[in-house]
Amino acid sequence: MPAVEETQITKYLSKYKYVGATKKDVMDVVTSYRSLTYDLQRFVFNDGSSKELFTIQGTIPVVYKNNTYYIPICIWLMDTHPQNAPMCFVKPTPTMQIKVSMFVDQNGKVYLPYLHDWQPHSSDLLSLIQVMILTFGDHPPVYSKPKEQIQAPYPTNSYMPQPGGPGGSNSFLPYPTAGGAGGSNFPPYPTGSNFGPYPPGGAGPAGPSGYPPYMNFPQPAGGGYPPAGGYNPSNPSSTGTITEEHIKASLISAVEDKLRRRIQEKVNQYQAEIETLNRTKQELVEGSTKIDAIISRLEREQVDLQKNISVLKDKEQELEKSLETLESAEAIDPDEAVTTTAPLYRQLLNAYADEAATEDAIYYLGEGLRSGVIDLDTFLKHVRQLSRKQFILRATMQKCRQKAGLAG
């Protein structure tokens, strides 16, 4: 779909609650069925209230008795789509009349089990249209009016009365015109001959106007449809007498039509199931990839954890051995607690210790003089002795440092 169309659809759906899901649903439909267009129009509810809703309208191909016809429909999307099911209507032309059944009422509103059992996460518009095609093939929703009943075309803006008008409050919304905002970009009907032959009596596949005709079923007699066999005025060889061969051919034709419709229904059903299974498979593959990545990360973390546990166990064993050694060891001699690697370093260590002790002795002599414990003569005598000793110790430390190559 062109980018312009996507932009237009996004603009029309700007007030919808689930824009992304609704947009995908609409694009799948208008891409698959080029005979359907879209627009934004006002919908009038039974209570007289109105709201602008997104609408899909046009024709869908229906196979009836080996011929393909085109049924005009109109689908309205609620602003909460896909949480709520859409509203579907058959939109007959002036030459058509609605055939009331369990699937279509006199106002053209469509009733389907698919709509009644609408599931927000699994139901979609494309499947809805396929169900409508199969249902209308078995139960055509319109038939042709007699020529004497055909009147002037209906107005383009309505074919049903407005609420509150002559039709009363139970009237339905007037159907919009066939041309929508997207109508100018799509052909009004599907092109090609993918839907089989067209009704007999037409001007070829495209009809006199160049487009396939709408579905124009014969008028039913007594409310039913004419039988498949019997007298056929268009067949010159028909005598008007129903013979056993006619009945047999009619039964064979009816059985073939029934089997063909059932087979097509099963094919569509299986295709929908295959698409669902493919989506599920894709989701499972993506989930499997994510799970594999998580498992790889957990395995790496498990390896790192095992390494850290091994290191902690080794450290724990070292601490236990150290504690056992300390508990079993005898009292430590302070003089032997610190040992040196060479006699020169031992001399330096001893000189440093004596010098520190001498400095402490001088300090406490000063404290004793200040507190009156010793007199001044005693203080001076001992200080002179200790100072000479301290000088010798400092000179010894300086000499040892020079010999050991240490900083002075």
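Scroll up for the structure.
This structure is a prediction, so every number in the text was calculated from the model and none was measured.

A. Layout of a negative patch on the surface. A contiguous patch of negative charge, built from Glu316, Glu320, Glu324 and Glu327, is present on the exposed surface. Examined against the element boundaries, Glu324 turns out to sit in helix α5 (residues 244-328). Here Glu324 falls in the exposed class, since its relative accessible area comes to 54%.

B. Local environment of the pattern of salt bridges. Counted according to the given criterion, the structure contains 10 salt bridges. The shortest N-O distance in the salt bridge between Glu52 and Arg42 comes to 3.8 Å. In this pair, Glu52 sits in strand β2 (residues 50-64) while Arg42 sits in strand β1 (residues 36-44), placing the two residues 10 residues apart along the sequence. A residue is classified by how much of its surface remains accessible, and Glu52, at 41% relative accessible area, is partly exposed. A relative accessible area of 46% means that Arg42 is categorised as partly exposed.

C. Region of the structure containing the state of the cysteines. In the structure shown here, the tally under the stated rule is 0 disulfides. The structure places no disulfide on Cys74, whose sulfur is separated from the nearest cysteine sulfur, that of Cys88, by 8.9 Å. Take Cys74: its relative accessible area is 0%, and that puts it in the buried class. Overall, the relative accessible area of 1% leaves Cys88 in the buried class.

D. Representation of unusual backbone geometry within the structure. The omega angle of the peptide bond from His81 to Pro82 is 10°, so this bond is cis rather than trans. Here Pro82 shows up in the loop between β3 (67-77) and β4 (87-90). The phi torsion at Lys65 lies on the positive side, around 55°, for a residue other than glycine. Note that Lys65 resides in the loop between β2 and β3. We note that Asn66 has phi near 70°; this positive angle belongs to a residue other than glycine. Its location among the elements puts Asn66 in the loop between β2 and β3.

E. How the structure looks around the layout of surface pockets. Estimated volume of the largest pocket: approximately 1,200 Å³. Lining the largest pocket are 34 residues, with Tyr114, Ser122, Ser123, Asp124 and Ser127 positioned closest to its centre. Listing elements by their share of the lining of the largest pocket, those giving two or more residues are α2 (19-32), α3 (113-116), α4 (125-138) and α5. For the lining of the largest pocket, the per-class residue count stands at 11 nonpolar, 12 polar and 11 charged.

F. Looking closely at the packing of aromatic side chains. This model, assessed by the stated rule, comprises 7 aromatic pairs. Measuring from centroid to centroid gives 5.9 Å for Tyr114 and Trp118, while their planes differ by 90°, and the two rings are edge-to-face. Residue class for Trp118 comes out buried when judged on its relative accessible area of 9%. Measuring from centroid to centroid gives 5.2 Å for Tyr363 and Tyr364, while their planes differ by 75°, and the two rings are edge-to-face.

G. Just a nonpolar patch on the surface, in detail. A contiguous nonpolar surface patch, about 350 Å² in accessible area, is contributed by Val255, Leu259, Ile263 and Val267. Checked against the element boundaries, Leu259 lands in helix α5.

What counts, and where the lines are drawn
Starting from 1, residues in each chain are numbered consecutively following that chain's sequence as written. In keeping with the predicted nature of the model, local features appear solely for residues at pLDDT of at least 70, side-chain atom pairs appear and are counted solely at 80 or more, and the whole-chain, interface and lining totals rest on all residues. Water and hydrogen atoms were dropped before computing side-chain values, which therefore reflect all heavy atoms in the structure. Patches were defined on residues exceeding 30% relative accessible area and lacking a salt bridge, with like-charge contacts within 9 Å and nonpolar side-chain contacts (Val, Leu, Ile, Met, Phe, Trp, Tyr) within 5 Å. Computed by Shrake-Rupley with a 1.4 Å probe, the accessible areas treat only the displayed protein chains as cover when residues are assessed. Salt bridge criterion: a side-chain nitrogen from Lys or Arg within 4 Å of a carboxyl oxygen from Asp or Glu. Lys and Arg are tallied as positive, Asp and Glu as negative. Neither His nor the chain termini are counted. Where a charge lies is defined by one atom per residue type, namely NZ (Lys), CZ (Arg), CG (Asp) and CD (Glu). Every helix listed is a DSSP run of H or I at least four residues long, and every strand listed is a run of E at least two residues long, numbered separately from the N terminus. Exposure is judged per residue with a 1.4 Å probe applied to protein chains only, and the accessible area is read against the type maximum: over 50% gives exposed, under 20% gives buried, and values in between give partly exposed. By definition, disulfides here are pairs of cysteine sulfur atoms that lie within 2.5 Å. Here the term cavity refers to a set of points on a 1 Å grid, laid over the protein atoms alone, in which a 1.4 Å probe fits but cannot get out; the term pocket refers to an open set having protein on both sides within 12 Å along at least five of seven lines, with lining residues being those that place an atom within 4 Å of a point. Grid points are joined across faces, edges and corners, and a volume is the space filled by probe spheres set on the points. Here the term charged refers only to Asp, Glu, Lys and Arg, the term nonpolar to Ala, Val, Leu, Ile, Met, Phe, Trp, Tyr, Cys and Pro, and the term polar to all other amino acids, Gly among them. We call Phe, Tyr and Trp rings a pair once their centres come within 6.5 Å, taking the six-membered ring for Trp, and we label the pair stacked below 30 degrees between planes, edge-to-face above 60, and tilted otherwise.

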